[in-house]
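Observations on the model geometry
Listed below, chain by chain, are the residues.
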Amino acid sequence: MDDQSTVYEWAKTYNFTEEEIQYATILALKILDDECKMDYDNYNLFMSVYDGIKDKANTPFNLSVHSIIDLARAKDPIKADPVYKDMIGELRVTMMKDMKKPIMKAYKNLVWDVVSC
């Protein structure tokens, strides 16, 4: 599976854990904040997954974060509009406080395993 639309469709139907959804959101924030060390293709890959799962996180906090991410991506899907750059950075830092590295790595590996099928 290497097509971004296919990854998006997979993400829409996959039963992600709450932690995986949270990390997908954090990773989207990291990409938009230019704090992620992956290459451009992986940025697009993980943003496609994020797009497929963002509707699954329905807490009020998550809904506001997703709204801000949508606004920040209006001009470019992987680079935040400068108007929202500080807000994206603050959200990233706030959300990353409780995230554990093993969960982050497991989420990335899950997506990469699906892509390599």
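For the structure, check the block above.
All residue numbers refer to positions counted from 1 along the written sequence of the respective chain. Owing to the predicted nature of the model, reporting of local features is limited to residues with pLDDT of at least 70; listing and counting of side-chain atom pairs is limited to 80 or more, with chain, interface and lining totals taken over all residues. To get the side-chain values, take all heavy atoms of the structure and skip hydrogens and water.

The next subject is the overall build of the protein. Helix numbering and strand numbering both begin at the N terminus, where a helix is a DSSP run of H or I of at least 4 residues and a strand a DSSP run of E of at least 2. When its secondary structure is counted, the protein shows six helices and zero strands. Only C-alpha atoms enter the radius of gyration, while the globule expectation follows 2.2 Å times N to the 0.38, with N the number of residues. Over its C-alpha atoms the protein spans a radius of gyration of 13 Å, differing by no more than 12% from the 13 Å that the globule rule assigns to 117 residues. Considering only C-alpha atoms, the protein reaches an extent of 40 × 30 × 25 Å along its principal axes. Per-residue burial for the protein yields a buried fraction of 47% across its 117 residues. Whether two residues are in contact is decided by their heavy atoms, any of which lying within 4.5 Å being enough. Nonlocal contacts in the protein, meaning residues at least 24 apart in sequence, comprise 73% of its contacts between residues at least 6 apart. Counted charges follow a simple rule, with Lys and Arg positive, Asp and Glu negative, and His plus the chain ends left uncounted. Charge positions come from single atoms, namely NZ of Lys, CZ of Arg, CG of Asp or CD of Glu. If you average the places of the 15 positive and of the 20 negative side-chain charges in the protein, the two averages end up 5 Å apart. Each residue's exposure class comes from its accessible area (1.4 Å probe, protein chains only) as a fraction of the maximum for that residue type: buried when under 20%, exposed when over 50%, partly exposed otherwise.

For Tyr43, the position within the fold is in helix α3 (residues 40-53). For the pair Tyr43 and Ile31, spaced twelve residues apart in the sequence, the C-alpha separation amounts to 6.6 Å. Excluding residues within four positions of it along the chain, Tyr43 makes contact with Ile31, Asp34, Cys36, Met38 and Ile78. Looking at Tyr43, its side chain comes within polar contact range of the main-chain oxygen of Cys36, at 2.7 Å. Contacts described as polar in this section are N or O atom pairs within 3.5 Å, which, within protein, must combine one atom able to donate a hydrogen with one able to accept it, while residues neighboring in sequence count only if both atoms come from side chains.

Salt bridge, as applied in this entry: a Lys or Arg side-chain nitrogen positioned within 4 Å of an Asp or Glu carboxyl oxygen. Counted according to the given criterion, the structure contains five salt bridges. The shortest N-O distance in the salt bridge between Asp33 and Arg92 comes to 2.7 Å. On the criterion of sequence distance, the pair formed by Asp33 in the loop between α2 (18-32) and α3 and Arg92 in helix α5 (residues 85-96) is long-range, its members being 59 residues apart. Like Asp33, the residue Arg92 is buried in the burial classification. Where Lys75 meets Asp81, a salt bridge forms, and the shortest distance between an N and an O atom there is 3.3 Å. When its relative accessible area of 72% is taken as the criterion, Lys75 is described as exposed.

One way to put it is that α2 packs onto α5 with a least axis distance of 9 Å and a crossing angle of 145°. As α2 packs across α5, the resulting crossing turns out to be left-handed. Contacts between α2 and α5 involve Gln22, Thr25, Ile26, Leu29, Lys30 and Leu32 from the first element and Lys85, Ile88, Leu91, Arg92, Met95 and Met96 from the second. Side-chain classes are defined by residue name, with Ala, Val, Leu, Ile, Met, Phe, Trp, Tyr, Cys and Pro counting as nonpolar, Asp, Glu, Lys and Arg as charged, and the others, Gly among them, as polar. Residues that form the contact of α2 with α5 fall into these classes: seven nonpolar, two polar and three charged. Here, axes are lines fitted to C-alpha atoms. For helices the fit covers the stretch in contact, and angles between N-to-C directions go from 0 to 180 degrees. Left-handed describes a crossing whose near helix is turned anticlockwise from the far helix by less than a right angle; the clockwise case is right-handed.

Without other data, these values stay purely geometric and don't point to any function.
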